[in-house]
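# Tertiary structure, described
Next come the chains, spelled out residue by residue.
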Amino acid sequence: MERKASELGMNKTGIATSPVGGKKTIEGAEKYSPDVPGDASGIWKERQAYARESENLGSVPPPVTMKGMAKTAVDMLKGGRSTVFIDKLGQRAGFERTGVRLYEAALSKLDVFGTWEGGPSREQLEKIRLDELSHFALVKRSIEKLGGDPTALTPAADLQANMSEGVPRMLTDPHVNLLQSLDGLLTAELVDNASWELLIELARELGHTALAEDFQRALDVEQEHLALVRSWIATGTMLEARVGEEAAGAPA
Ligand SMILES: [Fe+2]
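The following refers to the structure shown.

Each value, and the rule that gives it
- Residues numbered from 1 in each chain as written.
- Predicted model: local features only at pLDDT ≥ 70, side-chain atom pairs only at ≥ 80, totals over all residues.
- Heavy atoms only, no water.
- Donors = N, O, S within 2.8 Å, 3.2 Å for Na, K, Ca; no water.
- Tetrahedral: all angles 85-135°; square planar, octahedral: opposite > 155°, others 65-115°.
- Helix = DSSP H or I, 4+ residues; strand = E, 2+ residues; numbered from the N terminus.
- Buried < 20%, exposed > 50% of the residue type's maximum accessible area, 1.4 Å probe, protein only.
- Axes fitted to C-alpha atoms, helices over the stretch in contact; angles between N-to-C directions.
- Parallel < 35°, antiparallel > 145°, perpendicular 65-115°, else oblique.
- Left-handed = near helix turned anticlockwise from the far one by under 90°.
- Nonpolar A, V, L, I, M, F, W, Y, C, P; charged D, E, K, R; others polar.
- Phe/Tyr/Trp six-rings, centres within 6.5 Å; stacked < 30°, edge-to-face > 60°.
- Contact = heavy atoms within 4.5 Å.
- Salt bridge = Lys/Arg side-chain N within 4 Å of Asp/Glu carboxyl O.
- Expected span 1.5 Å × (residues − 1).

Around the iron ion, the donor atoms from the protein are Glu132 (OE), Glu189 (OE), Glu189 (OE), Asp192 (OD), Glu222 (OE) and His225 (ND1), and they sit 1.9 to 2.8 Å away. Taken together, the 6 donor atoms coordinating the iron ion and their angles of 53 to 172 degrees define a geometry best described as irregular. The sequence motif formed by the donor residues of the iron ion is E-x56-E-x2-D-x29-E-x2-H. Of the two residues, Glu222 and His225 both sit in helix α9 (residues 209-241), 3 residues apart, roughly one turn of that helix. By the burial criterion, Glu222 is buried, and His225 matches it.

Mapped onto the elements of the fold, Asn193 is located in helix α8 (residues 178-205). Take Asn193: its relative accessible area is 6%, and that puts it in the buried class.

Where helix α4 (residues 82-113) meets helix α5 (residues 122-145), the axes come as close as 8 Å, and the angle between the chain directions of the two elements is 160 degrees. Put simply, α4 runs roughly antiparallel to α5. In this structure, the crossing between α4 and α5 has a hand that is left-handed. Among the residues making up the contact of α4 with α5, the classes are represented as 14 nonpolar, 4 polar and 9 charged.

Time to look at the packing of aromatic side chains. Per the stated rule, a full pass over the model turns up 2 aromatic pairs. Their ring planes at 55 degrees and their centres at 5.4 Å tell us that Trp196 and Phe215 sit as a pair that is tilted. Of this pair, Trp196 sits in helix α8 while Phe215 sits in helix α9, and the two are 19 residues apart along the sequence. One aromatic cluster in this structure is built from Phe85, Trp196 and Phe215.

Bringing the packing of α4 against α9 into the picture now. Two elements in contact, α4 and α9, have axes separated by 14 Å at closest approach and are oriented at 35 degrees. α4 and α9 meet at a crossing whose hand is left-handed. Between α4 and α9, the contacting residues are Phe85, Leu89, Glu96 and Tyr103 on the first element and Leu211, Phe215, Glu222 and Val229 on the second. Here the residues of the contact of α4 with α9 sort into 6 nonpolar, no polar and 2 charged.

Here we come to the pattern of salt bridges. A complete count under the given rule lists 11 salt bridges for this structure. Linking Arg129 and Glu104 is a salt bridge whose minimum nitrogen-to-oxygen distance equals 2.8 Å. Pair noted here: Arg129 is in helix α5 and Glu104 is in helix α4, with a separation of 25 residues, a long-range link. Look at Arg129 and you get partly exposed, because its relative accessible area is 22%.

With that settled, the discussion passes to helix α2 (residues 41-53). End to end, α2 covers 19 Å across 13 residues, agreeing with the expected 18 Å (1.5 Å per residue, within 8%). In terms of burial, α2 is a largely surface element, 0 of the 13 residues being buried.

This brings us to the environment of Trp196. The exposure class of Trp196 is buried, given its relative accessible area of 0%. Separated by 37 residues in the primary sequence, Trp196 and Ile233 place their C-alpha atoms 23 Å from one another. Those residues in contact with Trp196, other than ones at most four positions away along the chain, are Arg92, Glu96, His135, Leu138, Val139, Phe215, Ala218, Leu219 and Glu222.

This part covers the environment of Trp232. As for its placement among the helices and strands, Trp232 is situated in helix α9. Note: C-alpha distance between Trp232 and Trp116 (116 residues apart in sequence) is 8.9 Å. Each residue touching Trp232, except ones within four places of it in the same chain, is listed here: Trp116, Gly118, Gly119, Pro120, Gln124, Leu125, Ile128, Leu179 and Leu182.

Positionally, Ser142 belongs in helix α5. In this structure Ser142 comes out as buried when scored by relative accessible area, which is 1%. Setting aside its immediate chain neighbours within four residues, Ser142 contacts Leu89, Leu211 and Phe215.

Set out below in structure tokens:
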């Protein structure tokens, strides 16, 4: 199925499509200033007032096992705060789990639109999907090892879920083709890479060297994902930019 991302069409969102209406719009904007006096400093103050009054964005649950409680106590004696670790691990768990769904959505785009020379193959998308799933399992095991509850939504997990909700939304949008959907995977893979890097550093800081090694292996895999997604986007975009190559398997 052919559906190009950059097809010429009757897009009327810019003012240049209506010279008369566009001119009137500019005149109107110049004539009528905002009816609220003052500048943007009012909203800054208002935001600050709300930030001071509001409570924290949830909390990190205490360890659920005796072993976990003991570990937390030992960490605190050593000057470390394992709640930070649990918070960030909770964030990673949620994101990796969502990553599985993102690749499932990309696989359905592949089924509808097909791929292109240098684009993603079914095997590649399925492999990455399984990688994300095994990363989720790794994070889950790590939280359990620390005596935490992997089903708990930590503050960092809550934040990230809210922040990145647009990614699954665009990947499941029926108007979006495979090449366009890859931008969502790029966002996810960039976050994956930065987050594993931070987790490795944090694990070392808190003396969890074995976990740091596991996380390093996850990061190695995420670096491969990122390189692949970037190359798919590059080949697909260049192919679309070349006139007359549509027949030779240009991205749908
Ligand atoms: Fe990934």
